[in-house]
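Observations on the model geometry
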Amino acid sequence: MPTDEPADEAASLLAALEGAALLLEADGSLGLVTAEAARLLALEDDPPAGLGLPELLDRARLAPAARAAFDRLATPSGPDEARLTDAEGAAFAVRRVALPHRRLALLLRPEVAVPAVCPLARPDPLTGLADRTGFREALTARLADSADQGLGLLMLDIDRFRIVNDTLGPQIGDRLLATLAARLRRALRGSDLAARLDGDEFAVMVADTSDPAELEGLARRLMDVLGRPYLIHGQPVTVGLSAGIARAPQDGADADSLVRRAAMALHAAKAAGRGRCAAFTPEMQSRSETRRRMETDLRRAFALRQFVLHYQPEVDVSCARLLGFEALLRWRHPALGPVSPAQFVPLAEEIGLIAPIGAWVLMTACREAMRWPDGLFVGVNVSALQFEQGDLLAAVGEALRHSGLPAHRLEIEVTESALLTNPETTLATLRQLRDQGVRIAMDDFGTGYSSLTRLQSFPFDKIKIDRSFVSGGRGMAEGRAIVRAITGLGTSLGMRTIAEGVETVEQLDAVRDEGCREVQGYLFGRPAPAEELEGVIARFASSERMASCPEPACSA
């Protein structure tokens, strides 16, 4: 029986190649395209088997001369090698190899577009752009050569690229990076140089200009072009980008300084909300140095246990009963004094310290709560990143086990942002905690985007009404209406409600009139260290006896 083994072996050989290769059948149809060839030709999806070479070249959008050269290479009497360019001027070489059964292999080799001043730049293996080392060499050479004309540096970063890898897999992520790089290469002039610096971070050296308007215009155009939808392995993918801009010689005369300052601008763009473009300013340098010092100090504070917990009471005002305390993290910087959690908690999240800090908070709060009367709970806030970066279940279990605190005396407070970040994982973790007896509260209710949906998806024990509805900042009538609505909603769902930020008698009367009987705020006590809580507990115990509050009416 005849066999096609030699041809099959040729196809298998091409399929195993890491390089760029096309396999043409005897009838001229396309038999195979390697992933690297698809990247080099800027194909945004896998071409189907049997596609003709002309149709493939249409998708690749080659220049007319390159199309003609490809046609000649595909014929048995054609040349063995040719140098081609695509429609935007990117160059690559193609070599023809004859295979058994009248098949042909076309092997493609990229020629990275590098300014003539830097022959040392080398390609990144995934994208074909310059790599970090080659880009630095090219930038150094260009800076030495273009002191009069100036130079621009753009840094581009894909917003939330990790989500693509996590949801679609790293193979789709790599293909996206390669396809995006091909778009980037086609969008630039031959004198510019694009590089992949690391992961999903790209850089563009813009030759012979340091005009701010021109650089910003180019950055925004690239963000638009690169942010258009992709089709990867049949999967539609849409991403956004942020950009940072630095100029030479204004922002830096050497390669390292310029890259650092473009990175500062990129960080500022992402911090402003992503999908933005920012140019470097001297203020960014100052903020970056402050942040770097703060990061060092924060790591030292954690290592030396410079954090403390303060506790704020939560009260049932219908009978003056103390229900428990919310644990609040505090950091007294040795030189700066008290540092606001609003300042250091986001930094801890960014540098990966929030999970170990959160585990310490849980352990400390549970240990200190064991010194309180049995009926009092302790509430602990958890960050959205603690569900991702740390094992929250293990941290809670260890804190309860080592402290001896019963699970029902621990209340985990979670914001809607945690539920929106990774809802399935977060809700699964919360359900397991609740099954163990831990109570769950939704914090800052009403400030998110889908509160009612989240309340339906999980049986919270308590809803904490955000202080903005109590303070009067939204208008007294509007705030009271919202407090009334949330309290009624909680009652209908079997969830307790507590109003945060009650600081005056007028605010207390307002929330109480709207049906909310549990409150928290300065009117009933400011956050205090653990050693001061004995007096707080005694004060409420005396008030409770005077109010003759029946035990069942106020039990959680």
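Calculation rules
- Residues numbered from 1 in each chain as written.
- Predicted model: local features only at pLDDT ≥ 70, side-chain atom pairs only at ≥ 80, totals over all residues.
- Heavy atoms only, no water.
- Helix = DSSP H or I, 4+ residues; strand = E, 2+ residues; numbered from the N terminus.
- Buried < 20%, exposed > 50% of the residue type's maximum accessible area, 1.4 Å probe, protein only.
- Polar contact = N/O pair within 3.5 Å; in protein donor to acceptor, adjacent residues only side chain to side chain.
- Phe/Tyr/Trp six-rings, centres within 6.5 Å; stacked < 30°, edge-to-face > 60°.
- Lys NZ or Arg CZ within 6 Å of the ring centre and 35° of its normal.
- Arc of directions from axis to C-beta.
- Core = buried A, V, L, I, M, F, W, Y, C linked by side-chain atoms within 4.5 Å.
- Axes fitted to C-alpha atoms, helices over the stretch in contact; angles between N-to-C directions.
- Parallel < 35°, antiparallel > 145°, perpendicular 65-115°, else oblique.
- Left-handed = near helix turned anticlockwise from the far one by under 90°.
- Contact = heavy atoms within 4.5 Å.
- Expected span 1.5 Å × (residues − 1).
- Pairing = 2+ DSSP bridges.
- Salt bridge = Lys/Arg side-chain N within 4 Å of Asp/Glu carboxyl O.

1. Observations regarding the environment of Glu350
By the element assignment, Glu350 lies in helix 11 (residues 341–350). Judged by its relative accessible area of 47%, Glu350 is partly exposed. When the C-alpha positions of Glu350 and Glu295 are compared, they lie 9.8 Å apart, and in sequence the two are 55 residues distant. Among the polar contacts made by the side chain of Glu350, one reaches the side chain of His267 at a distance of 3.1 Å.

2. Examining the packing of aromatic side chains
Going through the model one piece at a time under the given rule, you end up with 6 aromatic pairs. A ring pair is formed by Phe307 and Trp360, whose centres lie 6.4 Å apart and whose planes are at 50°; its orientation type is tilted. You can see Phe307 sitting in strand 13 (residues 307–316) and its partner Trp360 sitting in helix 12 (residues 354–369), a full 53 residues away along the chain. Trp360 gets classed as buried once you look at its relative accessible area, which sits at 18%. Ring pairing ties together the aromatic residues Phe307, Trp331, Phe344 and Trp360, which thus form one cluster. In this structure, Arg183 is placed above the aromatic ring of Tyr230, and the distance from its NZ or CZ to the ring centre is 3.6 Å. When the ring centre of Phe302 is taken as origin, the NZ or CZ atom of Arg305, which lies over that ring, is 4.8 Å away.

3. Digging into unusual backbone geometry
Between Ala248 and the following residue, Pro249, the backbone shows a cis peptide bond with an omega angle of 5°. Relative to the helices and strands, Pro249 is located in the loop between strand 11 (240–248) and helix 9 (255–271). Even without glycine at this site, Arg305 takes up a positive phi of about 55°. Positionally, Arg305 belongs in the loop between helix 10 (282–303) and strand 13.

4. Quick word on helix 4 (residues 64–73)
Among all positions in helix 4, only Ala66, Ala69, Phe70 and Leu73 are buried. The buried residues of helix 4 all sit within an arc of 100° when viewed along its axis, so they share a single face.

5. Focus: the nonpolar core
Core analysis: the largest hydrophobic core is formed by 79 residues, its most contacted members being Phe307, Tyr311 and Leu410. Element by element, the count of residues in this core is highest for helix 12, at 9 residues.

6. Concerning the packing of helix 3 (residues 53–60) against helix 4
Remark: helix 3 packs on helix 4, axes separated minimally by 11 Å, with the N-to-C direction vectors making an angle of 150°. Relative to helix 4, helix 3 is oriented roughly antiparallel. Regarding helix 3 and helix 4, the two cross each other, and that crossing is right-handed. The residues of helix 4 that touch helix 3, namely those facing Leu53, Pro54, Leu57 and Asp58, are Arg67, Phe70 and Asp71.

7. Things to note about helix 14 (residues 392–403)
Taking 1.5 Å of rise per residue, the 12 residues of helix 14 would be expected to cover 16 Å, and the 16 Å separating its terminal C-alpha atoms lies within 8% of that figure. Three or more residues of helix 14 are buried, namely Leu392, Ala395, Val396, Ala399, Leu400 and Ser403. Down the axis of helix 14, the buried set is contained in an arc of 125°. They therefore lie on one face. Looking at the buried side of helix 14, the elements it contacts are helix 12, strand 16 (377–382), helix 13 (386–389), strand 17 (410–414) and helix 16 (423–435). Positive phi appears at Gly404, one or two residues downstream of helix 14, with a value of about 85°.

8. A few points about the sheet that holds strand 8 (residues 201–207)
Taken together, 5 strands build an open sheet; the order of strands is 7-8-6-11-12 and the sheet is mixed. The sheet terminates laterally at strand 7 (193–198) and strand 12 (277–279), the two strands that pair on one side only. Strand after strand, the sheet turns through a mean of 20° between neighbouring axes, direction not considered. Taken together, the 9 bridges between strand 6 (residues 151–159) and strand 11 define a ladder with antiparallel strand orientation. Bridge pairing in strand 11 links Asp157 to Ser242. Its contacts with the sheet place helix 5 (residues 132–145) against strand 6, strand 7, strand 8 and strand 11, and it is angled at close to 20° to strand 8. Contacts from helix 7 (residues 170–187) reach strand 6, strand 7, strand 8 and strand 11 within the one sheet, and its direction differs from that of strand 8 by about 10°.

9. Looking at the pattern of salt bridges
Counting across every chain of the model gives 26 salt bridges. In this structure, Arg300 and Asp297 form a salt bridge, with 3.0 Å as the shortest nitrogen-oxygen distance. Taken as a pair, Arg300 and Asp297 lie in helix 10 at a separation of 3 residues, close to a single helical turn. One salt-bridge network, in which partners are shared between bridges, spans Glu314, Glu326, Glu411, Glu413, Arg439, Lys462, Lys464 and Glu500.

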